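# Chain and residue survey
So you can see what is in the structure, the chains are spelled out below.
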Amino acid sequence: MDKHKQEKSEIVTPEYYSGRVPACGVFCGGCPVYVRDKKPCPGAGINKIRCENCKTFHLCCQSRGIVHCYECRTFPCSKFKGFAKRWLKYGQDFIENQKLLKEVGEQAFLNYFNNKLDDSK
């Protein structure tokens, strides 16, 4: 695949999202699976089968008695760093997302990303 086409296919146009923020700290409105045309994910608040069975982050956090990865004493672990690096191409920096979650909480986190959508109009 030509490099220009590959880069273009990874661009995600975020949409408004007001549901639960999953353990990994993704803003679901900027997730390529959430915004796709065919069979989009309804977001972490509704798609509990996918998110709450996530061994990499949700179940890991649950086993430690925490909600988000930033709460872990080993944050960011090697699994998280690798995952975060792969997501940079979609325009989200999960390490920065976790820092924002820690600083402002879930609702302000969602407001931050949703307000960016309003500002881009």
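Attention in this report is confined to the structure presented alongside it. (Residues numbered from 1 in each chain as written. Predicted model: local features only at pLDDT ≥ 70, side-chain atom pairs only at ≥ 80, totals over all residues. Heavy atoms only, no water.)

## Quick word on the nonpolar core
Ranked by internal contacts, the top residues of the largest apolar core, which has 30 residues, are Tyr 17, Val 26, Phe 57, Phe 94 and Phe 109. Of all the secondary-structure elements, those providing two or more residues to this core are helix 2 (32-35), helix 5 (78-87), helix 6 (94-104) and helix 7 (106-119). Those residues in contact with Phe 94 that lie beyond four places of it in its chain are Cys 24, Val 26, Phe 80, Phe 83, Ala 84 and Trp 87. (Core = buried A, V, L, I, M, F, W, Y, C linked by side-chain atoms within 4.5 Å. Buried < 20%, exposed > 50% of the residue type's maximum accessible area, 1.4 Å probe, protein only. Helix = DSSP H or I, 4+ residues; strand = E, 2+ residues; numbered from the N terminus. Contact = heavy atoms within 4.5 Å.)

## Regarding the layout of surface pockets
One number sums up the size of the largest pocket: a volume of about 340 Å³. Only helix 2, helix 3 (48-51) and helix 5 provide two or more residues apiece to the lining of the largest pocket. Grouping the constituent residues of the lining of the largest pocket by class yields 14 nonpolar, two polar and one charged. In terms of lining residues, the second largest pocket is bounded by 15 residues, among which Pro 14, Gly 91, Gln 92, Phe 113 and Lys 116 are the most central. Breaking the lining of the second largest pocket down by element, the ones donating at least two residues are helix 6 and helix 7. The biggest single contributor to the lining of the second largest pocket is helix 7, with four residues. Of the residues belonging to the lining of the second largest pocket, the class tally is eight nonpolar, four polar and three charged. (1 Å grid on protein atoms, 1.4 Å probe; cavity = no way out; pocket = protein on both sides within 12 Å on 5 of 7 lines; lining within 4 Å. Points joined across faces, edges and corners; volume = space filled by probe spheres on them. Nonpolar A, V, L, I, M, F, W, Y, C, P; charged D, E, K, R; others polar.)

## Some words on unusual backbone geometry
Omega for the peptide link from Phe 75 to Pro 76 comes to -10 degrees, which places this bond in the cis form. Even without being glycine, Lys 39 reaches a positive phi, approximately 50 degrees.

## A closer look at the pattern of salt bridges
Taken as a whole, this structure holds two salt bridges when the rule is applied. Between Glu 52 and Arg 20 there is a salt bridge, and its shortest N-O distance comes to 3.8 Å. One end of the pair, Glu 52, is in the loop between helix 3 and helix 4 (58-64); the other, Arg 20, is in the loop between helix 1 (3-9) and helix 2, and 32 residues separate them in sequence. (Salt bridge = Lys/Arg side-chain N within 4 Å of Asp/Glu carboxyl O.)

## Regarding the environment of Glu 71
If you trace the backbone, Glu 71 turns up in the loop between helix 4 and helix 5. Sequence separation between Glu 71 and Lys 102 is 31 residues, and the spatial gap between their C-alpha atoms is 7.9 Å. For Glu 71, the side chain forms a polar contact with the main-chain nitrogen of Val 67, separated by 2.8 Å. A distance of 2.6 Å separates the side chain of Glu 71 from the backbone nitrogen of His 68, its partner in a polar contact. (Polar contact = N/O pair within 3.5 Å; in protein donor to acceptor, adjacent residues only side chain to side chain.)

## Digging into helix 6
Residues of helix 6 that are buried: Phe 94, Asn 97, Gln 98, Leu 100 and Leu 101. For helix 6, the angular spread of buried residues about the axis comes to 160 degrees, placing them on one side. Projecting away from the buried face of helix 6 at angles above 90 degrees are the exposed residues Lys 102 and Glu 103. Its side-chain oxygen 3.1 Å from the backbone nitrogen of Ile 95, Asp 93 forms the N-cap of helix 6. (Arc of directions from axis to C-beta.)

Nothing here speaks to function; it is geometry throughout.
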